[in-house]
Structure formats: C-alpha cells, structure tokens
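The chain contents come next:
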Amino acid sequence: MAKRVLTTESGAPVADNQNSATAGVGGPILLQDQHLLEKLARFNRERIPERVVHARGSGAYGYFEVTDDVTGFTRADFLSEVGKRTETFIRFSTVADSLGGADAVRDPRGFALKFYTDEGNYDLVGNNTPVFFIKDPIKFPDFIHSQKRDPFTGKQEPDNVWDFWAHAPEATHQITWLMGDRGIPASYRHMNGYGSHTYQWTNAAGEAFFVKYHFKTNQGVRSLSADHASELVGKDANSHQTDLLQAIERGVNPSWTLHVQVMPAADAADYRFNPFDLTKVWPHSDYPLQRVGRLVLDRNPDNVFAEVEQAAFSPNNFVPGIGPSPDKMLQGRLFAYADAHRYRLGVNHTHLPVNAPRTAVVDNYGRDGVHATRNGSRHDKNYEPNSYAGPAQTDAALAAPLAIHGWTGTHEAPAHTKDDDFFQAGELFRLMSEDEKGRLVANIAGGLSQVTRDDVIEKNLAHFHAADADYGKRVEEAVRALRED
C-alpha cells in the first residue's frame, strides 16, 4: 500500500513536520517557514464563535418513516405516503451554558431536527418542553442575559435569574416544568421532544390547519434527581454525549414516535387559550394526539466539529405544505436563527455538507461571500428575471396565507377567554403526585432562597400563589425555612 504524503493546504508535499526552519542550528525561526506559519495560523482559527444559546450539543443522523396517513392535513411530500423514509440529522443541546458546560444540568434541552426532503431541507427547531418562558421575542435577549454568566461575577447569579422571572409572570408555567422531575433528563434518549411553537399545515385542497409536534421517546422518559445529577457531572461532564454515542455505536438505535395535535384554522380565533402563545399548551382533551411516524437515530457523526458544531437549523426552512403561524416567538426566530448562522458560519453556511440538501437541487442567484461553492459558470446570470433560462418562481405558495387586520403598532397578544399567566402552571402542579410536588418545591426554593432582595422573592412567590394556593404556600414555607437556617 502506497504511503500517504503529508501536504500543505495548497497541496505541496511537506518535507519536515517535526522541526521548524531556523537560522542555523539553535537559531531563531525563519519567517519563510510557510508550513509552520500555515499550521499556527490555521490552529488560531480552528474555533468558530460558539452559539450564544444551545452552545453545548450532541448530534446524530437517522431517518424519519411515515406510519400514518396525514395527507388530509398537509401536502408535504416527505409525509405523502405511509412507509416513506427521509434522512434526518438531529442536534440535542442544553440552552444556557457554554460549549464547555456539563450535560446533566437543570436546563431545557434543544431538540433541533433537519429533514433532508426531496423538496428541500425542512428544519424543526424545538425543545424537550412543550412551552417556554416568554411569549414575545423582544424579551428574548434580556431573558438569556439574565440566565447566562453575570458580567461582573462571571457565573450564573440567582439574583439575575429570579429578578427577570419576577417581572415575567408568563414564565411560571415553564418554571414549573423546569423545576419539576423532567428538568434534568437522564439522557438525550430518555426525553421527549416538542416543536413547542404552533405551525401551519396546508393540504392539497388549500385547507389550513394549525399543528403542534410531539416526539414521544420510545425508550421511556427517565430523569435525574438533583443529587444524582450533581454526582454524574463529577464523574462524566459529557454524560449525555457519551450515552448517545455509545448507544448508537452498539446498535441500540434510539427512536421517537411523532404525534401531532391538529387544529382547524377556523378554531383559532375563538379557542379558549391563545393557540399561538408559546407559554401555553393545547390540552389533549381538546385536540388529541394523532400519530404520524417514527424518528430513528442510527449513525454517529464522523466529525463533531464539522457536523454538530457547524450544523445550522433555521425554522424558516419550510417545504410546500408547511409554514409559519402568528406565534410571535416563532416569528422572531424566523429571523434570528438564520442570522445567527450567517454570523457564526458565514453567508454560505448552507453549502456545508451537514446543511446542504441531500436530494433537492439548489438553484438560485446567490453568489460570492466567504466559502462560496455554487457561483455558477460564465453562462449563468446572477439576476432575475432574465432571458437566459435561469431558475424562475413557481407561483405556488408553500402554505396558506394568514389573515391580518387592525392597526400597526406595539400590541399585547390578544386575550382569549381562559388566557392568564398562571392557570396552566396550576394545572400542571395539580397533576403531580405528592412526591413530585415535594421535589418541585425543593428545587424552586433552593434557587429562590439564594436571592438577596426580599421584593424579588415576594414577586416570585405571588406568581406561585396565583397558580395554586397550595403551590404558593409550600414554596413560601420552603424558602422561609432555608433562609432561616
């Protein structure tokens, strides 16, 4: 077998990869040592800016297989027939910590899924919780700043975390999820995934439906107690990455069953909750789960940086038959996600193998920029319309239009009959067993008791009292006991 030759980036053979060129034996290094300079310069640029949120992540390839007919609701081709399979890539992540953070921490988990469909890539960017802390994207930068490291202390501060929540009563529902038993998943394989947002499906007849996605883990939901998680972090900070990697390498391929809740578009205006409020769920008694298919992960990435860190998910990557809803948080993310990737990876990040379509043909007038690989030839024009048989529009909208009315301006979300910030948080609390309630209260009190300002504590306690009298009473007593110790 012929020996492989080490080369420079330009392809020239490297004569010596062990010793730098110097001015004589023991002399200073020469500026002319192109190989040394290239290696050092490349090394300095090996890291791209980490994600502001969802920095710590793991990923895997797999496929999605349709098991049930949903053509009555959507004309999306990858969902068009039972048995059809579509290649996928998923990225799991924690939200608040940095790239070097631990896996087994109390934090929501990202559940970002890319479908490499024949009509282009469809990205579904969700979490392992069906709700979120806020309902308007204008508050998102402030929310994340409150949860990240403090500019002065360099660590997460309970004063910042709970002060923001004190001024965001709509966060009470998600706080109840996060501080409950499912706040620290045992692994990525043992948690559910949710689209969280409301999306629009449109069928071949043009009928519109609003949908919510639920990926139910077939491994069963398993979570960690706070004590067990702390112990695990000390043993293996990469516990979730280790588990996912080793499971797939052993051939134990994790899977999820996808269900959707389907709401006819006409129901949205008069539904008892605002169906586009990310802090709310649709009760299953109103809109039952309908099975769609199964997601299976069966291949690990060969290179974590190239395929996990450079993976870019944008919720505005829709395919025909699927589109956005008036969900304000989704509307904000339609811009923010794609813009984050343009900053981190460059305007041509969609050319990277993990982000490029597998079977769909990309044909547009985008040109130039860093890492451009599809600039066309002398015969291709970079403008449209043109007289040279370039790609042209289809005149077929991906989804149904959304009706709008009223005046422009900064408006609060429309209130529905059962809309408030606390009702569903109370419902979730009342569904819990006594043991679950005890752990939830202990988790909340453990953080809230560290807050130094009494007014911030009182504002947060008022939220729990508003959700459920017993809920508020228990949290208040637990916080008082911890502060008196």
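What counts as what
- Residues numbered from 1 in each chain as written.
- Predicted model: local features only at pLDDT ≥ 70, side-chain atom pairs only at ≥ 80, totals over all residues.
- Heavy atoms only, no water.
- Helix = DSSP H or I, 4+ residues; strand = E, 2+ residues; numbered from the N terminus.
- Rg over C-alpha atoms; globule rule 2.2 N^0.38 Å.
- Areas by Shrake-Rupley, 256 points an atom, 1.4 Å probe, with all protein chains shown as cover.
- Lys, Arg positive; Asp, Glu negative; His and termini not counted.
- Charge placed at Lys NZ, Arg CZ, Asp CG, Glu CD.
- Salt bridge = Lys/Arg side-chain N within 4 Å of Asp/Glu carboxyl O.
- Buried < 20%, exposed > 50% of the residue type's maximum accessible area, 1.4 Å probe, protein only.
- Polar contact = N/O pair within 3.5 Å; in protein donor to acceptor, adjacent residues only side chain to side chain.
- Core = buried A, V, L, I, M, F, W, Y, C linked by side-chain atoms within 4.5 Å.
- Contact = heavy atoms within 4.5 Å.
- Pairing = 2+ DSSP bridges.
- Axes fitted to C-alpha atoms, helices over the stretch in contact; angles between N-to-C directions.
- Nonpolar A, V, L, I, M, F, W, Y, C, P; charged D, E, K, R; others polar.
- Parallel < 35°, antiparallel > 145°, perpendicular 65-115°, else oblique.
- Left-handed = near helix turned anticlockwise from the far one by under 90°.
- Phe/Tyr/Trp six-rings, centres within 6.5 Å; stacked < 30°, edge-to-face > 60°.
- Lys NZ or Arg CZ within 6 Å of the ring centre and 35° of its normal.

(A) Expanded view of the overall build of the chain. What the chain contains, in helices and strands, is 12 helices and 10 strands. Rg of the C-alpha trace for the chain: 25 Å, near the compact-globule value of 23 Å for 485 residues, within the 12% margin. Seen along its three principal axes, the alpha-carbon backbone of the chain occupies a region of about 80 × 65 × 50 Å. Surface exposure of the chain reaches about 24,600 Å², of which carbon and sulfur atoms provide 53%. In the chain, 51 side chains carry a positive charge and 64 a negative one; their mean positions are 4 Å apart.

(B) Spotlight on the pattern of salt bridges. For the structure on display, the rule yields 33 salt bridges. The residue Arg358 makes a salt bridge to Glu87 at a minimum N-O spacing of 3.4 Å. In this pair, Arg358 sits in the loop between helix 8 (328–344) and helix 9 (423–431) while Glu87 sits in strand 2 (residues 85–94), placing the two residues 271 residues apart along the sequence. Look at Arg358 and you get partly exposed, because its relative accessible area is 33%. With a shortest N-O distance of 3.3 Å, Asp421 and Lys135 are connected by a salt bridge. Taken together, the residues span a long stretch of sequence, with Asp421 in the loop between helix 8 and helix 9 and Lys135 in the loop between strand 4 (120–127) and helix 2 (140–147) at a distance of 286 residues. Through salt bridges that share partners, Lys135, Asp277, Lys280 and Asp421 make up one connected network.

(C) Main features of the side chain of Ser146. Assignment of secondary structure puts Ser146 in helix 2. Within polar-contact distance, the side chain of Ser146 engages the side chain of Gln147 at 2.8 Å.

(D) Here's a closer look at the nonpolar core. Core analysis: the biggest nonpolar cluster contains 42 residues, and Phe133, Trp162, Trp165, Leu448 and Val475 have the highest contact counts within it. Looking at this core, the elements that each hand over two or more residues are helix 2, helix 3 (158–166), helix 4 (172–178), helix 9, helix 10 (434–448), helix 11 (454–467) and helix 12 (469–484). Apart from residues lying up to four places away in sequence, Val475 is in contact with Val441, Ile444, Leu448, Leu461 and Phe464. With 36 residues, the next largest nonpolar core counts Val211, Tyr213, Leu258 and Leu330 among its residues.

(E) Region of interest: unusual backbone geometry. Each neighbour pair has its own omega, and for Glu384 with Pro385 the value is 5°, a cis peptide bond. As for its position among the elements, Pro385 is in the loop between helix 8 and helix 9. You will see that Ala389, though not glycine, has its phi angle at about 60°, which is positive. Positionally, Ala389 belongs in the loop between helix 8 and helix 9.

(F) Geometry of the pairing of strand 6 (residues 199–202). Residue alternation in strand 6 divides its side chains into two sets, Tyr199 and Trp201 and Gln200 and Thr202, and both sets are buried. In the sheet, strand 6 pairs with strand 7 (residues 208–217) via 4 bridges, with the strands oriented antiparallel. Paired with Gln200 across the strands is Phe210, a residue of strand 7. What sits between strand 6 and strand 7 in their antiparallel hairpin is a turn of 5 residues, with Gly206 showing a positive phi close to 90°. Inspection of the sheet shows strand 6 paired to strand 10 (residues 322–323) by 2 bridges, in the antiparallel sense. What sits directly across from Trp201, in strand 10, is Ile322.

(G) Structural view of the packing of helix 2 against helix 3. Where helix 2 contacts helix 3, the two axes come as close as 7 Å, and the packing angle between them is 150°. Across the interface between the two elements, Asp142, Phe143, Ser146 and Gln147 from helix 2 touch Asn160, Val161, Phe164 and Trp165 from helix 3. When the residues that make up the contact of helix 2 with helix 3 are grouped by side-chain class, the tally is 4 nonpolar, 3 polar and 1 charged.

(H) The side chain of Lys148, seen in detail. Mapped onto the secondary structure, Lys148 falls in the loop between helix 2 and helix 3. Among buried Asp, Glu, Lys and Arg side chains, Lys148 stands out as unpaired, with Glu50 the closest opposite charge at 5.0 Å. Beyond its immediate chain neighbours, meaning those up to four positions away, Lys148 contacts Val52, Ala96, Asp97, Lys155 and Gln156.

(I) Here's a closer look at the packing of helix 3 against helix 11. Following both chains from N to C, one finds helix 3 and helix 11 inclined at 50°, their axes separated by 9 Å at the closest point. The angle between the axes of helix 3 and helix 11 places the two elements in the oblique class. Every pair of crossing elements has a handedness; the one defined by helix 3 and helix 11 is left-handed. Facing helix 3, whose interface residues are Trp162, Asp163, Trp165 and Ala166, helix 11 presents Val456, Lys459, Asn460, His463 and Phe464. For the contact of helix 3 with helix 11, the per-class residue count stands at 5 nonpolar, 2 polar and 2 charged.

(J) Examining the packing of aromatic side chains more closely. This model, assessed by the stated rule, comprises 30 aromatic pairs. A centroid spacing of 6.5 Å and a plane angle of 70° characterise the contact between Tyr199 and Phe318, whose relative ring orientation is edge-to-face. Separated by 119 residues along the polypeptide, Tyr199 in strand 6 and Phe318 in the loop between helix 7 (304–309) and strand 10 bring together distant segments of the chain. Classification of Phe318 by relative accessible area gives buried; the value is 14%. When the ring centre of Phe313 is taken as origin, the NZ or CZ atom of Lys114, which lies over that ring, is 4.9 Å away. Lying across the ring of Phe132, Arg333 places its NZ or CZ 5.0 Å from the centre.

(K) View of the pairing of strand 4. Within strand 4, 8 of the 8 residues are buried, which leaves the element mostly enclosed by the surrounding structure. In this sheet, strand 4 lies alongside strand 3 (residues 109–117) in antiparallel orientation, the contact comprising 8 bridges. Its bridge partner being in strand 4, Leu113 is matched across the sheet by Leu124. Remark: 2 residues form the turn of the hairpin made by strand 3 and strand 4, two consecutive strands paired antiparallel.

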